[in-house]
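An overview of the molecular structure
Here's the letter readout for the chains.
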Amino acid sequence: MSKRQELEEEFFDNLSIKLEEKKYSQDYNLDDAFTYCALSALCDVSIEKILDLGCGDGKFSCLFSKMGSKVVSIDISLGILSLALIRAKKNNLDNISFLKMSAEALGFKDNRFDAVFGGYLLHHTCVEFAISEAYRILKDGGKAVFIENFAINKLLAFFRKYVAGKFGIPRYGTLTEHPLTYEDIKIMKKSFKIVEIRTLL
């Protein structure tokens, strides 16, 4: 792993310890605007098998499982994966596979999945590698959908860069993450013919 990946893994391993005492609900809020937007983007794809990139605590993995898809969930952090496994077990879901893996170097053969999903994942990666890998493992006609932070608010970008983590103001997230930019969108277009941005603003 690169130094950046090691820092990401360490951050989320530490985060998993803080989250460990939280209870995992069997219910999912489909009215959440971001979830609704992601599901609507996936709705026209027949999803027999979906890859959840950077699955975190398994919220979306379990949601896709309940919708009838076979789910493969990966994350760079074993600590976070353990929380996702707890969530799946508490929901009695047995059609989810959990694997420790980087989204930038997927250990799957080409053309394996009907869809790829990433919830707040890309901004923690080298976008070029992650997108290239997502495209490689998708079947023809497959779709990749991501919920992401986007660097369109200059004021927020300023505070993120110069204020967060200083002056007693906490910083949430890793030092190596970055909100997506239009340059990242250009990178996506090198792999995917159609790239659509849906904003809630």
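Before going into details, it helps to say that this report is about the structure given with it. (Residues numbered from 1 in each chain as written. Predicted model: local features only at pLDDT ≥ 70, side-chain atom pairs only at ≥ 80, totals over all residues. Heavy atoms only, no water.)

**Some details on the sheet that holds strand β4 (residues 113-119)**
Quick reminder of the rule: DSSP calls a pair of strands paired once it identifies at least 2 bridges connecting them. Strands here mean DSSP runs of E at least two residues long; helices mean DSSP runs of H or I at least four residues long; both are numbered from the N terminus. For helices, the fitted line uses only the C-alpha atoms of the stretch in contact; every axis is such a line through C-alpha atoms, and the angle between N-to-C directions lies from 0 to 180 degrees. Throughout, a residue-residue contact means that at least one pair of heavy atoms, one from each residue, lies within 4.5 Å.
The strand order β3-β2-β1-β4-β5 describes an open sheet built from five strands, whose pairing is parallel. Single-partner strands in this sheet number two, and they are β3 (96-100) and β5 (138-147). For this sheet, the mean angle separating the axes of adjacent strands, direction not counted, is 20°. Pairing analysis gives six bridges linking β4 to β5, with the strands arranged parallel. Bridging across to β5, Phe117 finds its partner in Val145. Sheet strands in contact with helix α3 (residues 59-66) are β1 (49-53), β2 (70-75), β3, β4 and β5, and its direction is about 170° off that of β2.

**What to know about the layout of surface pockets**
Where empty space is left in the structure can be found by rolling a water-sized probe over the atoms. Applied cut-off: Both cavities and pockets are sets of points on a 1 Å grid over the protein atoms alone; in a cavity a 1.4 Å probe fits but cannot get out, in a pocket the set is open with protein on both sides within 12 Å along at least five of seven lines, and lining residues sit with an atom within 4 Å of a point. Grid points are joined across faces, edges and corners, and a volume is the space filled by probe spheres set on the points. Under this grouping Gly is polar, as are all residues other than the nonpolar Ala, Val, Leu, Ile, Met, Phe, Trp, Tyr, Cys and Pro and the charged Asp, Glu, Lys and Arg.
Counted as a void, the second largest pocket has a volume near 840 Å³. Surrounding the second largest pocket, 37 residues form its lining, Phe12, Gly54, Gly56, Gly119 and Tyr120 being those nearest its centre. Of all the secondary structure elements, the ones that give two or more residues to the lining of the second largest pocket are α1 (3-19), α2 (33-42), α3, β2 and β4. Considering every element that reaches the lining of the second largest pocket, the biggest residue donor is α1, with seven residues. For the lining of the second largest pocket, the residue count by class is 17 nonpolar, eleven polar and nine charged.

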